[in-house]
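If you want the building blocks of each chain, they are given just below.
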Amino acid sequence: PAAVPLRAATSNADWMGSLPAALRSYPLSNLAIPGSHDSFSYWVDEKSPVGPDQATAIKRLARISLVKKIMKKWSVTQNLTFKEQLEGGIRYFDLRVSSKPEEIGQEIYFIHGLFGIKVWDGLKEINTFLEQHPKEVVFLDFNHFYAMDDSHHSFLISRIHSAFGSKLCSAECVEYVTLQYMWEKKHQVLIFYHYPLYREYPFLWPGYKMPAPWANTTNVHELLQFLETTLEERSRYGTFHVSQAILTPRVNTIARHLIRGLKNTLVHRNLPMILNWVKAQKPGVRGVNIITSDFVELDDFAATVIALNDLLLEEDETATTS
């Protein structure tokens, strides 16, 4: 299917601000929120060295320029920029970052096999959107760090603070954080930081508050079974929760379909089944919270997730009429 033209997608740019009043006092952990997997991978630099997230064998192979072209086909899991994802309704971003080992200074880049844009440029792009859409809230999940020591982390954390300032929501009990709470405080950003330094900064939430169990399978039936099982376990923890509705290529998948890349091999074929699973979900304490996908522009993924929030209203109506 052709990607939805961006004109149609922009109708999701203010979906949080447009939610019915009843849902504004729901914890954000009980709402259905669309997210993207490897959110920044829409642009990777074929000319850069292979990233420190890759095995030595791949680094050796990547001296051949064709190998980098192939890596790019499998590293790119999104086609839309941050701005386009935000306009399309995506509110959770899965972020993997790295220094460039041969570079002087502390600059940090997004990474997925190959280096992406500077993190600073991505943060500024997100902040510009938030300035224009003051009722929208984003979750930035910094969950993989490569080639970074504490000085790199301090540099990155100061960049995060410079980019968002008072929009940053300091770590609270997950249950307290509702849209109403965020709007009253004029907060719009929750940062999850999977590295011990989070303890030193009130605006960094610990990574364990954002569990994102990963099925690591190419089999769509195994994936859906895994998503069901991890949701059943969810209510014990009182955290946010990510359902990663993604299939992961194995080395032999890549070898068999080298030139086709991730989108043509795994995503197109299985997306209808994955979306059917999404449509059958309910948000809430025992239900889904954040759902992530590859290539979020395909088949109106974000709108499908956002629409699940209507089920919470139906629940409310049933409760008041019974």
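Residues numbered from 1 in each chain as written. Predicted model: local features only at pLDDT ≥ 70, side-chain atom pairs only at ≥ 80, totals over all residues. Heavy atoms only, no water.

Undergrad: Honestly, the overall build of the protein chain in this entry has me stumped. Any pointers?
TA: What the protein chain contains, in helices and strands, is 12 helices and 9 strands. In the protein chain, which comprises 322 residues, the share counted as buried stands at 55%. Partitioning the intrachain contacts of the protein chain with sequence separation of at least 6 by distance along the chain shows that 76% fall at a separation of at least 24. A total accessible area of about 14,200 Å² is found for the protein chain, and carbon and sulfur atoms account for 54% of it. (Helix = DSSP H or I, 4+ residues; strand = E, 2+ residues; numbered from the N terminus. Buried < 20%, exposed > 50% of the residue type's maximum accessible area, 1.4 Å probe, protein only. Contact = heavy atoms within 4.5 Å. Areas by Shrake-Rupley, 256 points an atom, 1.4 Å probe, with all protein chains shown as cover.)

Undergrad: It is not clear to me how the environment of Ala302 should be interpreted in this structure. Could you clarify?
TA: Of note, Ala302 is situated in helix α11 (residues 301-307). A sequence separation of 269 residues divides Ala302 from Ile33, and the C-alpha atoms of the two residues are 8.1 Å apart. When neighbours within four sequence positions are excluded, Ala302 is seen to be in contact with Asn12, Pro34, Gly88, Gly89, Ile90 and Val296.

Undergrad: What exactly am I supposed to notice about the pattern of salt bridges here?
TA: Where charged atoms of side chains with opposite charge meet at close range, the side chains can pair. Evaluation of the coordinates by the stated rule reveals 6 salt bridges. A salt bridge links Arg96 to Asp38; the shortest N-O distance between them is 2.8 Å. One end of the pair, Arg96, is in strand β2 (residues 92-99); the other, Asp38, is in the loop between β1 (33-36) and α2 (56-61), and 58 residues separate them in sequence. For the pair shown, Arg96 and Asp38 are each scored as buried. Glu136 is the partner of Arg91 in a salt bridge, and the nearest nitrogen-oxygen pair spans 3.0 Å. Of this pair, Arg91 sits in the loop between α4 (82-87) and β2 while Glu136 is found in the loop between α5 (119-132) and β5 (138-146), placing the two residues 45 residues apart along the sequence. When its relative accessible area of 0% is taken as the criterion, Arg91 is described as buried. Taking relative accessible area as the criterion, Glu136 reaches 0% and is therefore assigned buried. When salt bridges with common partners are traced through the structure, they connect Asp38, Asp94 and Arg96 into a single cluster. (Salt bridge = Lys/Arg side-chain N within 4 Å of Asp/Glu carboxyl O.)

Undergrad: Please explain helix α8 (residues 220-234) as it appears in this structure.
TA: Think of an α-helix as 3.6 residues a turn; residues three or four steps apart then line up on the same face. If you check α8, its first and last C-alpha atoms are 21 Å apart, about what 15 residues at 1.5 Å a residue would give, namely 21 Å. Here α8 has its buried residues at Val220, Leu223, Leu224, Leu227, Thr230, Leu231 and Arg234. The arc that holds every buried residue of α8, seen down its axis, measures 130 degrees, which confines them to one face. Along α8, the residues that are exposed and aim more than 90 degrees away from the buried face are His221, Gln225 and Glu232. By the N-cap criterion, in which a side-chain oxygen at the helix start approaches the backbone nitrogen of a residue two or three places on, α8 is capped by Asn219, the distance to His221 being 2.7 Å. (Expected span 1.5 Å × (residues − 1). Arc of directions from axis to C-beta. Polar contact = N/O pair within 3.5 Å; in protein donor to acceptor, adjacent residues only side chain to side chain.)

Undergrad: Even after reading the chapter, I still don't get the nonpolar core, so can you show me in this structure?
TA: Taken as a class, soluble globular proteins show a tendency for nonpolar side chains to be buried jointly. Leu140, Phe142, Leu156, Ile160, Phe164, Ile191 and Tyr193 are the most contacted members of the largest nonpolar core, which has 65 residues in total. In contact with Leu140, other than residues within four places in its own chain, are Phe93, Leu95, Leu123, Ile126, Phe164, Val189, Leu190, Ile191 and Phe192. Counting residues in hydrophobic clusters, the runner-up holds 28 residues, among them Leu31, Val177, Leu190 and Phe240. (Core = buried A, V, L, I, M, F, W, Y, C linked by side-chain atoms within 4.5 Å.)

Undergrad: For this particular structure, what's the right way to read the packing of α5 against helix α6 (residues 150-164)?
TA: To describe two helices that pack against each other, one gives the angle between their axes and the distance between the axes. Where α5 meets α6, the closest approach of the two axes is 9 Å, and the angle between their N-to-C directions is 25 degrees. As far as their axial angle goes, α6 and α5 are roughly parallel. Once α5 is placed against α6, the crossing between them reads as right-handed. Mapping the contact onto sequence places Val119, Trp120, Leu123, Ile126, Asn127 and Leu130 in α5 and Leu156, Arg159, Ile160, Ser162, Ala163 and Phe164 in α6. Here the residues of the contact of α5 with α6 sort into 9 nonpolar, 2 polar and 1 charged. (Axes fitted to C-alpha atoms, helices over the stretch in contact; angles between N-to-C directions. Parallel < 35°, antiparallel > 145°, perpendicular 65-115°, else oblique. Left-handed = near helix turned anticlockwise from the far one by under 90°. Nonpolar A, V, L, I, M, F, W, Y, C, P; charged D, E, K, R; others polar.)

Undergrad: Explanation requested: unusual backbone geometry in the structure shown.
TA: Working note: non-glycine residues mostly have negative phi, and peptide bonds are mostly trans. Unlike most non-glycine residues, Ala147 shows phi in positive territory, near 50 degrees. With respect to the element layout, Ala147 can be found in the loop between β5 and α6. With a phi close to 50 degrees, Asn216 is a non-glycine residue in the positive phi region. Structurally, Asn216 can be placed in the loop between β7 (204-206) and α8.

Undergrad: Explain the packing of aromatic side chains here, please?
TA: Inspection of the entire model under this criterion finds 14 aromatic pairs. Summarising the aromatic geometry, the rings of Phe145 and Tyr193 are spaced 4.8 Å apart at their centres and angled 45 degrees between planes, so their arrangement reads as tilted. In this pair, Phe145 sits in strand β5 while Tyr193 sits in strand β6 (residues 189-193), placing the two residues 48 residues apart along the sequence. Tyr193 matches Phe145 in its accessibility class, with the two residues each being buried. Note on Phe192 and Trp205: the rings are 5.5 Å apart at their centroids and 45 degrees apart in plane angle, and the pair reads as tilted. (Phe/Tyr/Trp six-rings, centres within 6.5 Å; stacked < 30°, edge-to-face > 60°.)

These results come straight from atomic positions and should not be treated as a statement about function.
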